[in-house]
Amino acid sequence: MISPTTEELVAFLDEQLPAERMAEIEQALRDDEKLQHRLAGAVRRQNPGQHSVGAIWRRRHLSCPSRAELGSFLLGAATETVAAYLDFHLRVVGCRYCAANLEDLRDASESAASDDTASRRRRKFFQSSVGHLQSD
Ligand SMILES: [Zn+2]
C-alpha cells in the first residue's frame, strides 16, 4: 500500500478517511513500527499528553477483535495471524475493553468446564449407586 502522508494520519485519527483507506492504514499499523511512531508523533502534535499508540487504540477502540475471535484465541484455536494480533492488542495496546471481554469469556468457559465435571461426577455417582442396587 502507499504509505500514508502525515495529513492522512491526522485524518485517520479523526476517522475522516474513506473506510477502505481507514482499513488499509489500520492493517499497516499492526506490524509497521515506523508507521506506529509516525502516528504517535501525529497524536502528540494534536493532543499533547497522549503519548502512545496504545493510548490512541484505547481511546478509539481501534481494531478490537470480535468476541468470536477472542473466544477462539482463548481456546487456542485462533489462526497465527489472529493470535499475533490479539497478543499485540492485549499486551502492547493494553486494551481494557478486550481484556475485560476475554476475562468474561474465560470465566464463562471455566464455569462451563466445572459444570461439566459436576455432571460427570453426578453421573458416576448415579452409576455406582445403580451398581450397588443391582449387586444387592
Ligand atoms: Zn480491544
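So, here is what we can say about the structure in this document. What you see is a predicted model, and the numbers here were worked out from it, not measured in a lab.

Cut-offs applied
- Residues numbered from 1 in each chain as written.
- Predicted model: local features only at pLDDT ≥ 70, side-chain atom pairs only at ≥ 80, totals over all residues.
- Helix = DSSP H or I, 4+ residues; strand = E, 2+ residues; numbered from the N terminus.
- Buried ≥ 20, exposed ≤ 12 C-beta atoms within 10 Å, placed from the backbone.
- Contact = placed C-beta atoms within 7 Å.
- Arc of directions from axis to C-beta.
- Axes fitted to C-alpha atoms, helices over the stretch in contact; angles between N-to-C directions.
- Parallel < 35°, antiparallel > 145°, perpendicular 65-115°, else oblique.
- Left-handed = near helix turned anticlockwise from the far one by under 90°.

## A word on the overall build of the chain
Next, step 1: Across its full length, the chain holds seven helices and zero strands.
Next, step 2: Along its sequence from the N terminus, the chain presents helices and strands in the succession α-α-α-α-α-α-α.
Next, step 3: The buried share of the chain, taken over its 136 residues, is 15%.
Next, step 4: Taking as baseline every contact in the chain between residues at least 6 positions apart, the subset at least 24 positions apart corresponds to 53%.

## A word on helix H1 (residues 6-13)
Note on helix geometry: an α-helix contains 3.6 residues per turn, so any two residues three or four positions apart are oriented the same way.
Next, step 1: Here H1 has its buried residues at Leu9, Phe12 and Leu13. Taken down its axis, H1 places every buried residue within 100 degrees of arc, on the same side.
Next, step 2: Positive backbone phi, approximately 55 degrees, marks glutamate 15, located one or two places after H1.

## Focus on the packing of H1 against helix H3 (residues 33-46)
Next, step 1: Remark: H1 packs on H3, axes separated minimally by 10 Å, with the N-to-C direction vectors making an angle of 70 degrees. As far as their axial angle goes, H3 and H1 are roughly perpendicular. Both H1 and H3 take part in a crossing whose hand is right-handed. Two secondary-structure elements touch here, H1 through Thr6, Leu9, Val10 and Leu13 and H3 through Arg38, Leu39, Ala42, Val43 and Gln46.

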